[in-house]
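In case you want the letters, here they are:
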Amino acid sequence: MGYQAINFVEKLSKFSDHWSPKVIGEMNDYQFKLAKIMGDFVWHDHPDTDEVFIVLEGEMFIDFRDGRVKISQGEMFIVPRGVEHKPFADKECHIMLVEPRGVVNTGATESSLTAPDDVWI
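Residues numbered from 1 in each chain as written. Predicted model: local features only at pLDDT ≥ 70, side-chain atom pairs only at ≥ 80, totals over all residues. Heavy atoms only, no water.

(A) Up close: the nonpolar core. By size, the foremost hydrophobic cluster in this structure holds 17 residues, and its most contacted members are Ile37, Phe53, Met60, Ile62, Ile71, Cys93 and Ile95. Within the residue set of this core, elements represented by two or more residues are β2 (30-40), β3 (51-57), β4 (59-64), β5 (67-72) and β7 (85-100). Ranked by residue count, the leading element in this core is β7, at four residues. The contacts of Ile95, once residues within four sequence positions are left out, are Lys33, Leu34, Ala35, Ile37, Phe53, Ile54, Val55, Leu56 and Met60. (Core = buried A, V, L, I, M, F, W, Y, C linked by side-chain atoms within 4.5 Å. Buried < 20%, exposed > 50% of the residue type's maximum accessible area, 1.4 Å probe, protein only. Helix = DSSP H or I, 4+ residues; strand = E, 2+ residues; numbered from the N terminus. Contact = heavy atoms within 4.5 Å.)

(B) View of the side chain of Thr49. Looking at where Thr49 falls in the secondary structure, it is placed in the loop between β2 and β3. Relative accessible area serves as the criterion here: at 10%, Thr49 is assigned to the buried category.

(C) Fine view of the pairing of β4. Counted residue by residue, β4 has five buried out of six residues, so it is predominantly covered. Where β4 hands over to β5, the hairpin turn is made up of two residues, counted between the paired strands. Relative to β7, β4 is paired through four bridges, and the arrangement is antiparallel. Across the sheet, residue Phe61 finds its bridge partner in β7, namely Phe88. (Pairing = 2+ DSSP bridges.)

(D) Main features of the side chain of Asp63. Relative to the elements of secondary structure, Asp63 occurs in strand β4. One polar contact links Asp63 to Arg68, side chain to side chain, over a distance of 2.6 Å. Not counting residues up to four positions away in its chain, the partners in contact with Asp63 are Trp43, Arg68, Glu84, His85, Lys86 and Phe88. (Polar contact = N/O pair within 3.5 Å; in protein donor to acceptor, adjacent residues only side chain to side chain.)

The following block contains the structure:
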């Protein structure tokens, strides 16, 4: 069996689209996804799961109906299940998401930003 580390920079160089998470690994039923984000996303929630945002490069914000959090490079934030939120970034930001397999990026919200699920790079 060959062993090889997953290189975030190399994986991020393989795509340029925003708000379209790409799977880079799985652990049990959880997927590790990389995404490039810029501008506004949509208000949505995930009623069945928490969602982890890890900022690899840049900074992002998540609006909530009652506040906002800023997440900078090297930081992470966990959005609790069922909490409505709207991520955004003023400049391109590179993030990792950790969530169960099958989670749709826009939850149940129909949007032009709904990305295909389970796309591996």
